[in-house]
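The chain contents come next:
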Amino acid sequence: MRMRPNVFENFVGPISTAKFLEEFVPEAPKKRLTPTDGDPPFELCPDGPNQIIGTINELALCPDLEFVNTADPSKAADRAVDPWGDEGNLKRTPGISVVSRAPRPEDTNASPLQPGKRNWAPLEMWIETGLEDTFFPALEDASAVGVAQARYLKFEQSADDTCAQLISHASAHHHASPRAFSFSIGFFGSICRLFRWDRSGVVYSEPFLYRNEPEALLEFLWRFNFLSPADRGRDTTVLPVGEDDAERALVALKGHHGLEKTVKADLRKFLVRGDGADSNDLRYYIAPRASWSTDALWGRGTFGYIAYDPRQDKLVYLKDFWREERPDILKEGDVYRELHAAHVRNIPALGCAGDVPAAPGPALAVQRTRAQEFQAARRPGAVQPLVHYRLVLDTVGRPLRCFESTRELCGAVRDAVVAHADAYGRTRILHRDVSAGNILIGEDGKGMLIDWHLARRMLTDPNGKPVRLPRAGTWRFMSVQLLSAPHYNSHKLSDDLESFYWVLSHHIVRYRLGSTLERRQHESTIRGIFDLGGVGRFGDVNTGGTGKHQTLQGDHLVGILGARDTPLPAPCRALVEELRSLFLGLYGPVLDEEKPSERGRGITTPTPWKTDPLYKETRKALQSSQAVLRIFEKHLGSTWDLDGDGSRALNKSGLQGSASGDELGSSTIPEEGRSMEGLQHQRRDLPNHSSLLEWAPVLGSLGTPQPSIGSTGF
């Protein structure tokens, strides 16, 4: 079979066990007693949980830790933890779960550890046993040939399964509790490896024969026992909540739609340290379980919370994610500050934002990934450095899908276009991730454009020409040009404007017309227009956009919206149709197509349509947002019949929109070949796009998050 392309890039190593211990595991306060005689302690130890646990306990290596056999006896297929998104044979729980003998306060309500029952929150570390040692030799082969050629290598099924199992466990561990990084141990027959996982990648040790040469394993376990929670990877800026604070927070949180059943055990206190004018201003916010989260292990790892602000005695929105540490990428908090200074309309108020401290207090050290420090010199920059970041918005909004009428939907999208136009016109900042989850409806019914974490400033070179921006955004809503020919097309203003059209069309079809279409037709329509892709993959690029191109040419959507029995107000149909006609001018009957080159990258020859007068006229019209805004204003001024015109999802959820996309179907894809937010299915532990490079075909089913493109080039 074929291992998922590019997966090897997030596996960094091998490094020597001595280097692993030196870099990641500080020495214990006292020396470990070394047996002076007898056989090596693991010499006769079978590769099984009970035997390994017994040997560790007998040697008294970890007096403060308990090792529990949690091996899944059934190994039943569990799509909820399958990172490939396929029916597989993955185990729900690790062979051995390692927990503290003195549980932390937040773990006191955790259910007991049981084989096959997922309960990752209290784990300090996990150990997997019985793995086949086929993945890492395959990994070295793939690393040797590079990403462009690795897709053509074939690997054994066991190699793919081992990779999926390791990523699945690490993803579940990081999703269950706040973590900056984590450790694990893998037993592969007679050999053993040590692992350190963070949001950039996993550093793994060289293999060692633990039965005959156990020193590295013994020393690691001994040192790990004495590590502080922070040195074990716990995020110590997330704290338990006191009784008084919890009581006040619960009153506010239970009044928010969707959080009525919140209890004290759900609450945690998050530290946010401002890095703007409010530098070193330490604030705490109380939040229950995340309103939106990603199961992806590598990348931004976004969690979104409806939180309580004790200072203001009000609800706010707290976004927790890992930003890319590059000088040309703006911090999201700095973007909001600049936009507000420029009086950009229809964006939420910024509360507090900054990098997450390494520990509570005013110290300047922040939480950073380290996997990038150990990547091979042959592919520098493949693993990008990330910094933990938190941002608080003082405005809590309603998801776009919960529109009360199609007029409100169209008005909210129009308001977001206004915000986008203000930002671009006054600061030259381009959003680059216009998606359903990034438009909220405020209490006043107006739309707001949020999530500026992929925003980039449009610059010009010394010759006055625009500097090329790699594509970014949410697959489901990206422009046809960026999907079909990413190497040829730079991310431009017109691409974001086209994304607004796809957001509007998607929500009408999905949330307004879904009840009038048969389910199979409904799913087929959404998949055909918004989700299909993967055609013409070359090197580290995947392409798509065929369904959207056909829609602009008059297929799919036009027939649905124009049906006489479709209960859709005429102004709404006319608005969508006029927008379609506008963007149609960008595309001829045939799309530009990526073609292979000798280097494995895509090259594109423009179609003759690029010389057509209509194309040139449309290109000129879309150099600003005014043509799009005029269409919205024209039809929003018409008379709408609002009876029975609300969203099907209106009464299902009132939670804040996701920080990285529509929780029913969008996260984000990294720019030009490197994904920082994964291509994951809803509630699946799926690695990021940089690991599972070409996943557009599996993202089409209704209700699955879409890939997000946008950080180091795609």
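In case you missed it, the structure is sitting above this.
Parameters and conventions
- Residues numbered from 1 in each chain as written.
- Predicted model: local features only at pLDDT ≥ 70, side-chain atom pairs only at ≥ 80, totals over all residues.
- Heavy atoms only, no water.
- Helix = DSSP H or I, 4+ residues; strand = E, 2+ residues; numbered from the N terminus.
- Buried < 20%, exposed > 50% of the residue type's maximum accessible area, 1.4 Å probe, protein only.
- Contact = heavy atoms within 4.5 Å.
- Pairing = 2+ DSSP bridges.
- Axes fitted to C-alpha atoms, helices over the stretch in contact; angles between N-to-C directions.
- Core = buried A, V, L, I, M, F, W, Y, C linked by side-chain atoms within 4.5 Å.
- Phe/Tyr/Trp six-rings, centres within 6.5 Å; stacked < 30°, edge-to-face > 60°.
- Parallel < 35°, antiparallel > 145°, perpendicular 65-115°, else oblique.
- Nonpolar A, V, L, I, M, F, W, Y, C, P; charged D, E, K, R; others polar.
- Arc of directions from axis to C-beta.

This paragraph deals with the overall build of the chain. Counting its secondary structure elements, the chain contains 17 helices and 24 strands. Taking all 714 residues of the chain together, the buried fraction comes to 62%. Here the contacts in the chain between residues at least 6 apart in sequence split such that 74% fall between residues at least 24 apart.

The next thing to look at is the sheet that holds strand E3 (residues 96-100). By definition, the strands of a sheet pair up through backbone hydrogen bonds, in either a parallel or an antiparallel sense. In spatial order, the strands read E1-E7-E6-E5-E4-E3-E2; together these 7 strands make up an open sheet with mixed pairing. Looking at which strands have only one partner, the edges of the open sheet turn out to be strand E1 (11-15) and strand E2 (65-69). Averaged over all adjacent pairs, the angle separating strand axes in this sheet is 20 degrees, with direction ignored. Strand direction decides the pairing type here: strand E4 (residues 123-128) and strand E5 (residues 182-188), joined by 3 bridges, are parallel. Residue Glu 128 lies in a different strand from E5, and its bridge partner there is Gly 186. In the packing of helix H6 (residues 215-226) onto the sheet, contacts are made with E2, E4, E5 and strand E6 (191-197), and the angle to E5 comes to roughly 155 degrees.

Before going further, it helps to spend a moment on the nonpolar core. Ranked by size, the top nonpolar core spans 89 residues in total, and within it Trp 452, Leu 504, Leu 579, Phe 583, Val 628 and Phe 632 carry the most contacts. Ranked by the residues each element gives to this core, the list is headed by helix H9 (residues 406-427), at 11 residues. Excluding anything up to four places from it in sequence, Phe 632 contacts Cys 410, Val 413, Arg 414, Val 417, Leu 504, Leu 575 and Leu 579. Within the second largest apolar cluster, 40 residues are counted, among which are Phe 42, Ile 53, Tyr 210 and Leu 227.

Under the counting rule described, the total for this entry stands at 29 aromatic pairs. Between Phe 187 and Tyr 210 the ring centres are 4.8 Å apart and the planes differ by 75 degrees, which places this aromatic pair in the edge-to-face class. A residue pair is termed long-range when its members are at least 10 positions apart, and Phe 187 in strand E5 and Tyr 210 in the loop between strand E7 (202-205) and H6 qualify at 23 residues. Assigned by exposure class, Phe 187 and Tyr 210 land together as buried. Summarising the aromatic geometry, the rings of Trp 197 and Trp 298 are spaced 6.3 Å apart at their centres and angled 20 degrees between planes, so their arrangement reads as stacked.

On to the pairing of strand E15 (residues 386-393), then. Of all 8 residues making up E15, 8 are buried, and the element is well covered by its neighbours. By the bridge criterion, 8 bridges tie strand E13 (residues 314-324) to E15 in an arrangement that is antiparallel. Residue pairing for E15: Phe 321 is matched across the bridge by Tyr 389. Where strand E14 (residues 350-355) and E15 come together, 5 bridges link them in antiparallel fashion.

A separate point is unusual backbone geometry. The omega angle of the peptide bond from Gly 13 to Pro 14 is 0 degrees, so this bond is cis rather than trans. Mapped onto the elements of the fold, Pro 14 is located in strand E1. Its identity as a non-glycine residue notwithstanding, Asn 346 has a phi of 60 degrees, on the positive side. With respect to the element layout, Asn 346 can be found in the loop between helix H8 (332-341) and E14.

Time to look at the packing of helix H1 (residues 17-24) against H6. Between H1 and H6, the least distance of the axes is 10 Å, while the angle of their chain directions is 10 degrees. The orientation of H1 relative to H6 falls into the category roughly parallel. Every residue of H6 that contacts H1 at Thr 17, Phe 20, Leu 21 and Glu 22 is listed here: Ala 216, Glu 219, Phe 220 and Arg 223. For the contact of H1 with H6, the per-class residue count stands at 4 nonpolar, 1 polar and 3 charged.

For the rest of this paragraph, the subject is H1. In an α-helix, one full turn covers 3.6 residues, which means residues spaced three or four apart are oriented alike. Among the residues making up H1, those that are buried are Thr 17, Phe 20, Leu 21 and Phe 24. Buried positions in H1, seen along its axis, are confined to an arc of 95 degrees and lie on one side of it. Exposed residues pointing more than 90 degrees away from the buried face of H1 are listed as Ala 18 and Glu 22.

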